[in-house]
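Each chain, letter by letter, is given below.
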Amino acid sequence: MSSWLGGLGSGFGQSLGQVGGSLASLTGQISNFTKDMLMEGTEEVEAELPSSGRKEIEAIHAVLRSENERLKKLCMDLEEKHEASELQIKQQSTSYRNQLQQKEVEISHLKARQIALQDQLQKLQSAAQSVNSGAGGVPATSASSSFSYGISHHASAFHDDMDFGDVISSQQEINRLSNEVSKLESEVGHWRHIAQTSKAQGSNSSDQSEICKLQNIIKELKENRSQEIDNHQHEMSVLQNAHQQKLTEISRRHREELSDYEERIEELENLLQQGGSGITVTDHSKIHEMEKTIQDLQTDKVASTKKIEELEDKMKDINKKLSSAENDRDVLRMEQEHLKVENRQIIEECEHLKLECSKLQPYALKQSDAVTERERILPQITPVEDEVIRLQQALSDAENEIMRLSNLNQDSSLAEDNLKLKMHVQVLEKENTLLSQEKEKLQISLLKLNDEYEVVKSAATRDPDLNSELHDLRLNLEAKEQELNQSISEKEILIAELEELDKQNQEATKHMILIKDQLSKQQSEGDSIISKLKKDLSDEKQRVHQLEDDKMHLTKKLDMKKDKLIQSELVLNDLHLTKQKLEDKVKDLVDQLNKSQKSDRDIKKENSELKEHIQQNEKELSRVRDELTQSLNRDSDSNFKDDLLKVREAEVRNLKQSLSEIEHLNDSLNNVAFDLKVENEKLVIACEDVRHQLQESIAGNNQIFLEKNTMMEALKMEKGQLEAELCQAEKRLLEEANKYEQTIEELTNSHNLSTSALQLEHECLIKLGQEKDSEIAELKKNIEQMDIDNKETKKILSSSLEEQKQLTQLINEKEIFIEKLEERSSELQEELNKYIQALRKNEVLKQTIEEKDRSLGSMKEENNHLKEELERLKEQQSRAAPVAEPKTLDSITELESEVSQLNIIKDNLEKEVKHHQKVIEDQNHSKMQLLQSLQEQKKEMEEFKCQHEQMNVTHTQLFLEKDEEIKNLQKTIEQIKSQLHEERQDVQTENSDIFQETKVQSLSIENGSEKHDLSKAETERLVKGIKEREMEIKLLNEKNIFLTKKIDQLSKDEVGKLTQIIQQKDLEIQALHARISSPSYPQDVVYLQQQLQAYAMEREQVLAVLSEKTRENSHLKTEYHKMMDIVAAKEAALIKLQDENKKLSTRFESAGQDMFRETVQNLSRIIREKDIEIDALSQKCQTLLTVLQTSNTGNEVGSVNSNQFEELLQERDKLKQQVKKMEEWKQQVMTTVQNMQHESAQLQEELHQLQAQVLVDSDNNSKLQVDYTGLIQSYEQNETKLKNFGQELAQVQHSIGQLCNTKELLLGKLDIISPQPSTGSLLTSQSAESLRTIKPDLSSESSKQEIEELRKSLHEKDATIKTLKENNHRLSDSIAATSELERKEHEQTDSEIKQLREKQDVLQKSLKEKDLLIKAKSDQLLSLNENFTNKVNENELLRQAVTNLKERILILEMDACKLKGENEKIIETTREKQTEYQALQETNMKFSMMLREKEFECHSMKEKALAFEQLLKEKEQGKTGELNQLLNAVKSMQEKTVIFQQERDQVMLALKQKQMENSAVQNEVQHLRDKEVRLNQELERLRNHLLESEDSYTREALAAEEREAKLRKKVTMLEEKLISSSNAMENASHQASLQVESLQEQLNVVSKQRDETALQLSVSQEQVKQYALSLTNLQMVLEHFQQEEKAMYSAEVGKHKQLVAEWKKKAEYLEGKLVSLQERLDEANAALDSASRLTEQLDLKEEQIEELKKQNELREEMLDDVQKKLMNLVNSTEGKVDKVLMRNLFIGHFHTPKNQRHEVLRLMGSILGIKREEMEQLLNEGQGGVTRWMTGWLGGGSKSVPNTPLRPHQQSVLNSSFSELFVKFLETESHPSIPPPKLSVHDMKPLDSPGRRKLDTNISESFKDATESRSGRRTDVNPFLAPRSAAVPLINPAGLGPGGPGHLLLKPISDVLPTFTPLPVSPDSSAGVVLKDLLKQ
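Note that the coordinates shown come from a computational prediction; the quantities given were computed from them, not determined experimentally. (Residues numbered from 1 in each chain as written. Predicted model: local features only at pLDDT ≥ 70, side-chain atom pairs only at ≥ 80, totals over all residues. Heavy atoms only, no water.)

**Student:** Can you explain the overall build of the protein? Please cite residues and give values.
**Tutor:** Looking only at helices and strands, one finds 36 helices and zero strands in the protein. Looking at the protein residue by residue over its 1977 residues, the buried ones come to 35%. Contacts in the protein between residues at least 24 apart in sequence constitute 91% of all its contacts with a sequence separation of at least 6. (Helix = DSSP H or I, 4+ residues; strand = E, 2+ residues; numbered from the N terminus. Buried < 20%, exposed > 50% of the residue type's maximum accessible area, 1.4 Å probe, protein only. Contact = heavy atoms within 4.5 Å.)

**Student:** Would you mind going over a positive patch on the surface in detail, with residue names and values included?
**Tutor:** On the surface, a cluster of positive charge is contributed by Lys 557, Lys 561, Lys 564, Lys 820 and Arg 824. Residue position: Lys 564 is located in the loop between helix H11 (466-560) and helix H12 (566-634). (Patch = residues over 30% accessible without salt bridge, like charges linked within 9 Å, V, L, I, M, F, W, Y side chains within 5 Å. Areas by Shrake-Rupley, 256 points an atom, 1.4 Å probe, with all protein chains shown as cover. Salt bridge = Lys/Arg side-chain N within 4 Å of Asp/Glu carboxyl O. Lys, Arg positive; Asp, Glu negative; His and termini not counted. Charge placed at Lys NZ, Arg CZ, Asp CG, Glu CD.)

**Student:** Tell me what's going on with the packing of aromatic side chains, and back it up with residues and numbers.
**Tutor:** In total, this model carries two aromatic pairs according to the counting rule given. A ring pair is formed by Phe 1496 and Phe 1540, whose centres lie 5.1 Å apart and whose planes are at 25°; its orientation type is stacked. With Phe 1496 in helix H26 (residues 1380-1517) and Phe 1540 in helix H27 (residues 1520-1773), the pair connects residues that are 44 residues apart, well separated along the chain. For the pair Phe 1786 and Phe 1790, a centre-to-centre distance of 4.7 Å together with 70° between the ring planes defines the contact as edge-to-face. Placement of the pair is Phe 1786 and Phe 1790 together in helix H28 (residues 1779-1791), with a separation of four residues, close to one helical turn. In this arrangement the basic side chain of Lys 1706 is found over the ring face of Trp 1703, its NZ or CZ atom lying 4.4 Å from the centre. (Phe/Tyr/Trp six-rings, centres within 6.5 Å; stacked < 30°, edge-to-face > 60°. Lys NZ or Arg CZ within 6 Å of the ring centre and 35° of its normal.)

**Student:** Tell me what's going on with the confidence of the model for the protein, and back it up with residues and numbers.
**Tutor:** With 76% of its residues at a pLDDT of 70 or more, the protein has an overall mean of 78. Predicted confidence in the protein is weakest over helix H3 (residues 139-158), with a mean pLDDT of 40, and strongest over H27, with 90. Contacts for the low-pLDDT stretch residues 1008-1012, under 50 throughout, to residues beyond four places or in other chains number 16 contacts. Every residue in residues 1825-1854 scores below 50 in pLDDT, and together they form 51 contacts with partners more than four places removed in sequence or on other chains. (pLDDT = per-residue confidence, 0-100.)

**Student:** Help me get a handle on a negative patch on the surface, residues and values and all.
**Tutor:** On the surface, Glu 80, Glu 83, Asp 602, Glu 609, Glu 612, Glu 771, Glu 775 and Glu 778 cluster together to form a negatively charged patch. Contributions of two or more residues to the negative patch are made by helix H2 (54-135), H12 and helix H15 (757-806). With respect to the helices and strands, the residue Glu 778 is situated in helix H15.

**Student:** Report on the side chain of Asp 1257, specifying residues and quantitative values.
**Tutor:** Among the structural elements, Asp 1257 can be located in helix H23 (residues 1204-1313). Every residue in contact with Asp 1257, bar those within four places of it in the chain, is listed here: Lys 1431 and Glu 1434.

**Student:** If you had to explain the packing of H11 against helix H14 (residues 706-750) to someone new, which residues and values would you point to?
**Tutor:** The geometry of H11 relative to H14 is characterised by a closest axis approach of 10 Å and an angle of 170° between their N-to-C directions. Considering their axes alone, H11 and H14 lie roughly antiparallel with respect to each other. Residues Gln 522, Ile 529, Leu 533, Asp 536, Glu 540, Leu 547, Lys 551 and Leu 554 of H11 touch H14, and the partners they reach there are Glu 707, Thr 710, Ala 714, Met 717, Glu 718, Gln 721, Glu 725, Gln 728, Arg 732 and Lys 739. (Axes fitted to C-alpha atoms, helices over the stretch in contact; angles between N-to-C directions. Parallel < 35°, antiparallel > 145°, perpendicular 65-115°, else oblique.)

**Student:** An account of the pattern of salt bridges is needed here, citing residue identities and associated values.
**Tutor:** Under the criterion given, the structure shown has 32 salt bridges. Note that Arg 1581 and Glu 871 form a salt bridge whose closest N and O atoms lie 3.0 Å from each other. Highlighted residues: Arg 1581 in helix H27 and Glu 871 in helix H17 (residues 815-880), separated in sequence by 710 residues. Look at Glu 871 and you get partly exposed, because its relative accessible area is 38%. Salt-bridge contacts for Glu 1223 lead to Lys 1571; the nearest nitrogen and oxygen are separated by 2.9 Å. In this pair, Glu 1223 sits in helix H23 while Lys 1571 sits in helix H27, placing the two residues 348 residues apart along the sequence. Put simply, Glu 56, Lys 551 and Lys 579 are held in one network by salt bridges that share partners.

Shown next, in the form of structure tokens:
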């Protein structure tokens, strides 16, 4: 494990190192590249530029160098960060490796201990073998082997890393917790001290703002604590991941050991079988050997007892450890309880402190004026804040420790308590003292336990009775076994937790890797930014070069014009000077920016240095932690640890303070950076303002200074980049600061312990902080300098502006040159943009071409493969097409038969399980009998008892293993079910796919099917049939849902029954526990354990049944949903089919009936498939009904768990069937693929035909276009010819007119000469008419009528010409004397007429030809247009067909992918089946082994019992019966061996059967593999075919593209011709222009009208002006009026103000009155409230009065009775005199002083009823002697006057006795002067009255509450405040006292007057009885 993890860590480190090296090399290459680029740039510039422009280039070069240096520094920073991250990762890896090495050392120690324990066990086994060798011989080996197997199993399972390591770790954590508790105690004491001092100084330090500060600090600390907790959890997850990896390897080792042990057990079983055959020999010598072995056993008994004692000692050690662990857990719980109590106390203290703060706040506010006191307070508060921070950190540490404790204990209560503690973290200050106390208690308890243990040891050594000790130890062993089981369960829980921790650890490692990736990404981003910056620099360089070239051209031109512009050159020199100044300013600004960047870099460097310091701190902290752990492991003394911890705590506090200071410094640095940023922004704004001013001043002359502007723009760009880089750097700084804060928090969490070395580092950090402060001061100075420089630059700029104003004139002259340059630059920019766009297009085209190439390649491959597959599938379809339909029915029948067979197998398996259960019960009964026999022979057979217990332990282990195997089987069954479910889903999806494919086929076939109406009718019938079938499917689905609901209800009922059974079994278990706890049944423990295991098995089976039923329900539901989906899909497909049928019927009506027949066949196939689905659904319904019936019968019988094992086997067989089904489905899919191939072939043929047609059409198109162009040309030529003809005709007409004139002249001459005028006149008239007819007809040349007219006119002309010729001949004959001039004219006319004729003939011919041509061309054009539209439509159809073909190809590819997936699934299922069969074989083997072991163990036990019984009988009876008994035992053993052999043969047969099944399955698997190979070959062939087809498609597509290009060229030609036609349109526009001229003339007329209207407007405007003047006059008058009104108003306003002042006074007076009235109102409202309360009280009291009146009536009746009785008593006792009373009075008279004796005598007289007057007479008379007094006394003075009672204002004499005062008091009470109180509402005073309020203050509220609670009403009268007579009324109105309301005579008046009970006496009755009672009391 360690080597593996070490290798992993080293590999990880190497990979990280390689990454770092590659990054470093990358950065170096980048820096070299930048250097080379810069050098090349400088060389080029030097080569190109002259000396005049080098200064500018050098300045730019300096800027670039500075940027390069900055980039280098950035690279260096990134490299440093990378190295730091690598160091952190290395540290973490080293720490993990150390932890792994420690754990491996622990494992080796534990293994050594395990080996020692195994050696001891082997010794014990050898002893047991020696014991068993006499009795059983060979069976002892089996027992020992099984025992060793169980022990080793447990050892390997639990002793690897858990037993002692957990105990040690728990003890270590307890010690650590105690140390932390002591820490917390010291901190709490410190805090209390501070709190006390703060209380003492509360008057000084209770300032509110400081409290707010403290609260803010507390909030921050809370946030820090939450972050620290998150970090701690993260670390825990990392550790857990490491631990999980370790656990996985341990479990693997454990499995290997288990397999080794199983092999050993098999060998031992073989040995047992061999040995079992040797038992049959029955010799007498063996009997003698048996006797010897008995003696040996007795001798071995002594040795075994010693070994047992050793084992018991070991057990005691283990028990001690367990008890210590339990004590630790109890202590932790107690600590949590104490913590809760302390939390409450702290909350109370906090409340108390808050109250004190609230009290102290006003006092502090009073003293806030004194500044000196505040100065004292401030230094006192700072340590308080520090203490608060420390306490918060300590509290967070305590929380972390509590989290660890909760992880260790894993108690739910502890988790809850921890949550509560988290809620009350602020209140954890007092926990520490109690924790320390409990730690001391722990130590004391440990010492006590050690003492007890030593006492027990001494007692154990002294004790001589081994048997009694063994008995006690056995009981202890049983108890300890239970404890061990508990500890094992706890260990399992801990293992689970450790696995979770391992997961978290893995997550943490992933997180680390992610962080590293992010860092690498950041580096890559930085590199990309650098590259971008370099590109930008190169671009800028190019721009600079271009600008410099432009500048050179300008300078050349300026040199050419030097003579002209000498003055302008001078001005330019001035401009250059100003420009240099501006450049200097820019340089200064750049330098300032560089300075700011340098300061940022310095800050970054300081941050990195801080990071390095932090890393060093981390290293030292890790080192210190290692040292501390070593010291903790070495030193066990807690005091030394406490001291160390205290010292380190102080160091930690100092470190925390230093860290907080560092954080403050970092914050201050961030603030400074922010300030720098702000100032930089201000500078930028100032620079922008300066630029704006410059732009405004040089608004007119910017064009000359393009160079400067370009430079400035470049600088702006650089500055913007710099600003962006600054922002990025600041963001990075903030991010790094956040990261550093996180790392600091992690350090504070993880490294609580640190050494004194950190203090030195803290001092170094403080020095660094001081250095940074100094650097900050320097930066501030730099900023001030920059401000000064900025001001100077502003001044210089203002001066430059003035100079530039002078230069504006010269600049205007040079604007022309600059405009030209701008035009050039704009053209160049446009060209650049064009080139960029072209480049982008090229890139996009390249990408698309590459993607298309890839897709073409893949499509070609897949097409080839699909073609091959289709060919193969065609072959298979031709074979398997007729057999496909009956196969499904056969498969359904086969499935049904297989289901029935599986049910039979299931029943058989149930029977076998029942038989096994019976066997197990018989074995349990036999074990019970054996236990009873062992109980009887306890004292003799204790050794055998120990062995029997060991055997029971092995049995329990075997049963547990069986349970685990059963669980594994159930899991495999679940997996099989899930696979089945998946396969079903696949099958259903295939069904749907096939259905869709068949539909596609039908669609493709139906393309030309609807020729006749019969086909439609048949399709409608088929659709109706399909719909009916779908209705049937829906009904079946509804039935399915109903059945599933029934099953759900039944499953619920079964759940209820099962829960009842489980409850009963729980009750039985509780009863068994009670039996175990009772001392009378210690022997039943093993039996009860077995019963519990059996019940657990049954319970698991029941739960398995429930889970399977729920699964079945879910399966049914999913199948129902799938069926519904299929139905919906079918409906949608039907709708689509109908729509497409309609479309196809309209479109295609030219195909044969073969396609229609194929569609009918497809529809019939669909109907058959639906029939099959309906049959399957009906079978499902039947099976569901049978399941329901069986489940109902099962419920009635109560056999819940009987069908489980059969169902497993059933599902295993179902898998085989489904494999067959999958093969059938595969064949069907192949047939569908072949059909698709046929369709694709047909489509390809159609495509070829269409392509050929397209070629023909394109050729025709090209021809037509050529013809069209020719036609257009000829048309244009004809038009030109027609125009020429028109001109010629006009000339002809002119010549004819001349001829006519000449003719008339001739005729005139002829009239003179010859007498033939008639003919000539006729001819001339005819010619004139002909000419007239010709003239109007020339206008309509274009139409056919005009042409005909022209023909007629030509004929007429011919006729006239002939007549003219004849006339001419005649004239020539007759007129010979005419002149030669006339002959010449005749000749000219003849030649002209001939020419005209020829021209007319040509024109006629050309017109005819053109007419024919126009007709033909128009027809051709129409036909061509029609053809073109048809071809366009066909092209669109072809495109749609191509897209459809592509979609079909995609569908085929998807089908191929699905087939591949199905093949893979089949392979996986076969593999899973193989593994399942192997698992079943292993489980069968294990079952057989377990059964054999159990049987052998039972037999060995029986043999031992029989042997012991025989031995006992031999002792009783003698040696005579021994031989017979032994012979009987041998016979029974022989019979049992025979039975065992038979069972073994049966098991071997079962194994052979299983082997046969496995071989069959293997054959099937091989067959499937062969099929897979074939399918793969077919797929490859199809791929090749697809590739070929794709190649052909691509070629065709390229050809089509070429044709498209040609067509486009032709279109362009046509467009050119169209342009020529547009020229003709321009001629028409010329005519339109003529019209426009006419319109312009109209416009002139309109404009004249407009001018007239304008004149009118001017006249109207003058009028408006006059009106305005009148208006102004009116306004002046108005203003005058307003001023007068204002004066009036001001006077009135003054009066009003005075009135307002008076009214204000009145209002103030009224407001004062109002205030007083409001106060009175408030008082009145308060009075009203009190009155309302009083009314409520009065209502209550009235109700009480009514009740009291009722009670009064009752009491009065009672009183009447009592008074009657009293009167009777008084009447009876009036005459009597009590001796005691008289004696007391007599003695009292003499005791009183002589001055007051007469008062005593008066009193006596009043008591005896003597009137006052009589008494005074007696006293006056009796002053002389005593005899008169005595006689008067004894004579009975009924006539004496009664004495008046003393008033309260009369003061008694001081020397009067107590008896006198007492008697006086009684007298006053017996004769009440005030009448009894009337209980009326008006007489009662309310409690709120002012007289009562004063008194009420003395009474506590508790008393009132008590009285109210007693009576249930409000106390209306306070008895202590009422007058005397009202204090003790006869009727108790308020129900005071315990008894409630009642008469005072019927109750003691101890509640009101505790000393005595006063009795009301009428004045008529004598007072003797009353006094007598009083004196008695």
